[in-house]
Amino acid sequence: MKIPFLNLQRQQKELLQPVQKLLTETMLEDILLGGKAVHTFEDKFARYLNVKHVIACANCTDALEIALRALQIGQGDEVIVPANGWMSAAEAVCLLGAVPVFVDSLVDRYTIDPDKIETKITSRTKAIIPIHLYGYAADMERIMGIAAAYGLKVIEDCAQAQGATIQGKKAGSWGDIAAFSFYPTKNLGAIGDAGALATNDEELSTTCRQIANHGQSEKNIHVRLGRNSRMDSFQAAVLSYKLGLLDQWNLRRRELAQRYNNELQPYYLHLPQEDEGYFHVYHLYVIRCADRKRLSKLLGEKGVGTAVHYPVAVADMQVFEAYSFADTPVASKQCHELLSLPLYPQLTDEEQMYIIEAMKEALSEMDQQIV
Ligand SMILES: *Cc1c(COP(=O)(O)O)cnc(C)c1O
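Residues numbered from 1 in each chain as written. Predicted model: local features only at pLDDT ≥ 70, side-chain atom pairs only at ≥ 80, totals over all residues. Heavy atoms only, no water.

Draft legend 1. Here's a closer look at the overall build of the protein chain. In terms of helices and strands, the protein chain carries 11 helices and 14 strands. A globule of 371 residues ought to have a C-alpha radius of gyration of about 21 Å, and the protein chain, at 21 Å, matches this closely. Taken along the three principal axes of its C-alpha coordinates, the protein chain extends 65 × 55 × 35 Å. Within the protein chain, the proportion of its 371 residues that are buried is 56%. Of the contacts made within the protein chain by residues no fewer than 6 positions apart, 73% connect residues no fewer than 24 positions apart. Total accessible area on the protein chain stands at roughly 16400 Å², and carbon and sulfur atoms take up 50% of it. Side chains of the protein chain give 37 positive and 46 negative charges; the mean places of these two sets differ by 3 Å. (Helix = DSSP H or I, 4+ residues; strand = E, 2+ residues; numbered from the N terminus. Rg over C-alpha atoms; globule rule 2.2 N^0.38 Å. Buried < 20%, exposed > 50% of the residue type's maximum accessible area, 1.4 Å probe, protein only. Contact = heavy atoms within 4.5 Å. Areas by Shrake-Rupley, 256 points an atom, 1.4 Å probe, with all protein chains shown as cover. Lys, Arg positive; Asp, Glu negative; His and termini not counted. Charge placed at Lys NZ, Arg CZ, Asp CG, Glu CD.)

The following block contains the structure:
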C-alpha cells in the first residue's frame, strides 16, 4: 500500500460539487473580492470562535503583521516568540523593525514554555505571540497571567488550531487578537490563500480593517498608511461552507490520533499529550523518536509518507541569526527527533492500520523494544 503524508485531493474530490456551485455563484456577482460572501464568513467565524470581530485578510502572515502594526509595535520594540514553530511570527516582527525574542519549548507539548517567558521580558517588551502548535493550544491561562502582570499584549498564532479549545474556550478568543491561516492544508483550508484576524476589541478591529484596506476608513478616505490584504469572495464562500464541516473533521482527526496513541503507546516514542481541559485538533500528529531519520526511511520503504515539522527551529534559522543566542536547547534538540505521521480526516481506518503495522515493523527492526 502507498500512503502519502497528505492526500488533499481526496478532500477536494468530496467537495467538488458544492465548491463548483459556489464558484458559479461567485462568478455571477460583480464583486470578486470582499463583499457579501466575505462578511458572511466573518460573521460565521466570529460566532464559531465566540469573539466580537473577525477581519478577513489574504493570509496569516499578513494577519500577524497587521495585528502588530495595529498594536503600534515597531522599531526597537521586543516581542516574545516561540523558538519552535512556523517562522511567520518572527518574520513579521522583524519586518516591522522590532526584535523577536525567542523562548524555548515545553519538552512534551512543543508550545512555548511559560516558565521561561519572564526572564526574557525587558522594559522594551511589548507583546507575546504564542503559537498553538500542531493543533494544541499553548498554555493561555499562564501566558495571559504573565501578560497582565507586565502590561503586554498577546497575539495568538492560530494557523494550526481552528477549533482547538482550553476549558471550552476557543483558541483565538484568549488573547488581545488572533491570527488565522486558511492555507489549504490547515484544518479549515481554502482553495488557495486566505487568512483572518479575530478580536473582542472594537478599536483594534477597526484599525486592522483599515490597515488591511490601504488605510481606508471609508471609500477613498485614507486615514493611515495601510496595505492591500484582501480575501477573495470565492474563498470566503468556500470557507463558510467548510466551516460547517470543521467540527466533524476535527473529531475524525481526534479519533485517528486516539488510535495511534493506543497502538503506539507501548513503544519507546514520545506521543502527543493532551492536558486536562484541553481539546487537541491534531493539525499534525507529531511523535518524537531518537532516530527519526531511520524511522522515516523505514516507513518510506514500506510506502508510508512522513514529514518533519520543522527540520530547523525558528530560533536557529540563519535569517534570525542576529536575534538568536543559542539559548533554546529544547527546541534545537527536538528538531532532530520530531516526525509527523499521516493524519487527515479522509485517511481511512484501513490505511491507518497499515501505517500502524508499518510503524511496529520499523520499530522492531530498530530494536525499539516494547516497554
Ligand atoms: C501556516 C502557518 C502560518 C502562515 O500562514 P499563511 O496563511 O500561509 O501566511 C503562520 N503560522 C503558523 C503556525 C502556520 O502553521
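Draft legend 2. View of the pairing of strand E14 (residues 338-341). Residue alternation in E14 divides its side chains into two sets, Leu338 and Ser340 and Leu339 and Leu341, and both sets are buried. Looking at chain direction, strand E13 (residues 285-288) and E14 are connected through four bridges and run antiparallel. Following the sheet pairing, Val286 is matched in E14 by Ser340. (Pairing = 2+ DSSP bridges.)

Draft legend 3. Representation of the site of the ligand in the model. Near the ligand, the surroundings consist of Asn59, Cys60, Thr61, Trp86, Ser88, Ile131, Asp157, Ala159, Gln160, Ser181 and Lys186. Asp157 is positioned with one of its side-chain polar atoms (N or O) 2.8 Å from a nitrogen atom of the ligand. Protein contacts shield 92% of the accessible area of the ligand, which totals 380 Å² for the unbound molecule. Tallied by class, residues from the shell around the ligand come to four nonpolar, five polar and two charged. (Near = heavy atom within 4 Å. Polar contact = N/O pair within 3.5 Å; in protein donor to acceptor, adjacent residues only side chain to side chain. Nonpolar A, V, L, I, M, F, W, Y, C, P; charged D, E, K, R; others polar.)

Draft legend 4. Summary view of the sheet that holds strand E12 (residues 278-279). The sheet built from three strands is open, its strands ordered E7-E6-E12 with antiparallel pairing. With one partner strand each, in any of the chains shown, strand E7 (169-170) and E12 form the two edges of the open sheet.

Draft legend 5. Structural context of the side chain of Asn84. Position of Asn84 relative to the elements: it lies in the loop between strand E2 (78-82) and helix H5 (88-95). Asn84 sits in the buried class, given a relative accessible area of 3%. Residue contacts for Asn84: discarding those within four places in its chain leaves Ser105, Tyr110, Ile131, Leu133, Tyr134, Tyr310, Val314, Ala331 and Leu338.

Draft legend 6. Spotlight on the environment of Gly163. In this fold, Gly163 is placed in the loop between strand E5 (153-157) and strand E6 (165-166). For Gly163, a relative accessible area of 4% corresponds to the buried category. Residues Gly163 and Met366, spaced 203 residues apart in sequence, show a C-alpha to C-alpha distance of 37 Å.

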